[in-house]
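Okay, here's what each chain looks like letter by letter:
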Amino acid sequence: MDLIVWRHAEAEEWLPDDACGVSDLERSLTPRGEKQAARMAGWLDRQLPERTRILVSPARRCEQTALALGRKYKIRAELGPDAPPSQLLELVQWPGNKLPILVIGHQPTLGQVISQLLGLREEECAVKKGALWWLRHRERESGAQTVVVTVQSPELL
């Protein structure tokens, strides 16, 4: 199984007591974030298999990131900000799903998933805005393995 986790690109700042009345889920990408999303989407579109399922947080910034890719996607409430990593892994059916899955979501959830799958000691792995991690589950004679296929940042593309 391939699991690709893509953190949404740079979004407008938000404070819980935002006087403008904008909720966290309504925040949009900044102009820089739109460029990050487009750059990463261009690279990712050339790499992703056609049958990849794309699951997206209901946050506007995540949907805008997904729109840059130009493929069909499904918004899933289970991927909202502060979702527990177990919820994401259950949703994608890790490691048993046969289809590649792209998840567009948030920190700290994505970093926690990466840490858990790679057996890192840290509670959370840092995932930069607009960046992605491509992980693969495989079976070997020695047992199950999770390998890192690639880590990409929009600034390096």
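About the thresholds
- Residues numbered from 1 in each chain as written.
- Predicted model: local features only at pLDDT ≥ 70, side-chain atom pairs only at ≥ 80, totals over all residues.
- Heavy atoms only, no water.
- Helix = DSSP H or I, 4+ residues; strand = E, 2+ residues; numbered from the N terminus.
- Rg over C-alpha atoms; globule rule 2.2 N^0.38 Å.
- Buried < 20%, exposed > 50% of the residue type's maximum accessible area, 1.4 Å probe, protein only.
- Contact = heavy atoms within 4.5 Å.
- Areas by Shrake-Rupley, 256 points an atom, 1.4 Å probe, with all protein chains shown as cover.
- Lys, Arg positive; Asp, Glu negative; His and termini not counted.
- Charge placed at Lys NZ, Arg CZ, Asp CG, Glu CD.

Undergrad: What's the story with the overall build of the protein in this structure? I'm lost.
TA: Scanning the protein from N- to C-terminus turns up four helices and six strands. When the helices and strands of the protein are listed from N to C terminus, the series reads β-α-β-α-β-α-β-α-β-β. Whereas a compact globule of 157 residues would reach a radius of gyration of roughly 15 Å, the protein reaches 15 Å, a difference of no more than 12%. Expressed along its principal axes, the backbone C-alpha trace of the protein runs to roughly 55 × 30 × 25 Å. Expressed as a percentage of its 157 residues, the buried residues of the protein come to 48%. Counted over contacts in the protein with a minimum sequence separation of 6, partners at least 24 positions apart contribute 62%. Summed over its atoms, the accessible surface of the protein is roughly 8300 Å², and 49% of this surface lies on carbon and sulfur atoms. Charge centroids of the protein, computed over 21 positive and 21 negative side chains, lie 8 Å from each other.

Undergrad: Just checking my understanding: could you explain helix α4 (residues 109-118) for this structure?
TA: Think of an α-helix as turning once every 3.6 residues; residues three or four places apart then point the same way. Taken across its ten residues, α4 has eight buried, putting it largely inside the fold. Residues of α4 that are buried: Thr109, Leu110, Gly111, Gln112, Val113, Ile114, Ser115 and Leu117. Looking at the buried positions of α4, the neighbouring elements they touch are β1 (2-7), α3 (85-92), β4 (101-105), β5 (132-140) and β6 (143-152). Within two residues after α4, glycine 119 carries a phi angle of roughly 70°, on the positive side.

Purely geometric numbers; function is a separate question.
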